[in-house]
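These are the residues of each chain, in order.
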Amino acid sequence: MDVPHDESSPGGPPLAVIAASLQRERRRAGLSLAEVARRAGIAKSTLSQLESGTGNPSVETLWALSVTLDVPFAQLVEPPRPRVQVIRAGEGPAFAAERADYVATLLASSPPHTRRDIYLVSAQPGTARESDPHMPGVVEHVVLSTGRALVGIAEDPVELAPGDYVAYPGDIAHVFRALEPDTLAVLVQEHR
């Protein structure tokens with residue numbers, strides 16, 4: 001089955017995939033557009049635009065919707081995969097934060113019956129990416145590739161240098177703050 005791809009924004013959010021996924025998951029949950037929007041804390045018009053394949057969803061909006069619909073974030077944004085998958089640098093569905101210079105690019109989501117997603121995070125110094133709690137049981141694992149960053153539980157983040165690893169509960173408030181330009185990290189999100 002071919003999934004439409006949004007050619008107008010290479011490397012950006014795959015709007016057609018997001019639209020189809022939101023509609024599918026909302027129906028699966030048996031919820032109205034208004035009820036999902038209310039529970040996610042977003043405007044009904046925003047959800048309507050996303051379900052019609054328009055708009056420019058932020059990572060915060062998509063996270064809120066994934067928590068509301070009780071599905072992993074990647075399940076909303078990734079099209080079906082071929083058997084062998086290669087994602088070149090600069091490719092893949094990318095999601096920018098609203099208030100921080102932070103971009104998460106989905107590299108691999110959990111296939112059915114597995115429970116992990118992999119992201120490449122690029123961030124710049126300035127405003128931190130402050131994440132609200134995700135679904136219960138989520139654990140995030142971060143390996144810093146380049147730069148330096150404060151990462152982890154919001155009240156007590158850990159400073160990471162290249163090659164450092166940290167794991168922390170993603171179901172409580174957490175943060176990623178780049179301390180150097182062009183900071184890169186790999187984020188593995190484990191769903192228990």
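Residues numbered from 1 in each chain as written. Predicted model: local features only at pLDDT ≥ 70, side-chain atom pairs only at ≥ 80, totals over all residues. Heavy atoms only, no water.

### Thoughts on the pairing of strand 2 (residues 102-108)
With five of seven residues buried, strand 2 is to be regarded as a mostly interior element. With three bridges connecting them, strand 1 (residues 94-96) and strand 2 associate as antiparallel partners. Note on strand 2: the bridge partner recorded for Phe95 is Ala104. Counting the residues that bridge the hairpin from strand 1 to strand 2 gives five residues. Sheet analysis places strand 2 next to strand 3 (residues 116-123), joined by six bridges and oriented antiparallel. The residue bridging Thr105 from the neighbouring strand is Leu120, located in strand 3. (Buried < 20%, exposed > 50% of the residue type's maximum accessible area, 1.4 Å probe, protein only. Helix = DSSP H or I, 4+ residues; strand = E, 2+ residues; numbered from the N terminus. Pairing = 2+ DSSP bridges.)

### Structural notes on the side chain of Ser58
Residue position: Ser58 is located in the loop between helix 3 (44-51) and helix 4 (59-69). Taking relative accessible area as the criterion, Ser58 reaches 9% and is therefore assigned buried. There is a polar contact of 2.9 Å between the side chain of Ser58 and the side chain of Glu98. Filtering out sequence-adjacent residues up to four positions away, Ser58 remains in contact with Ala96 and Glu98. (Polar contact = N/O pair within 3.5 Å; in protein donor to acceptor, adjacent residues only side chain to side chain. Contact = heavy atoms within 4.5 Å.)

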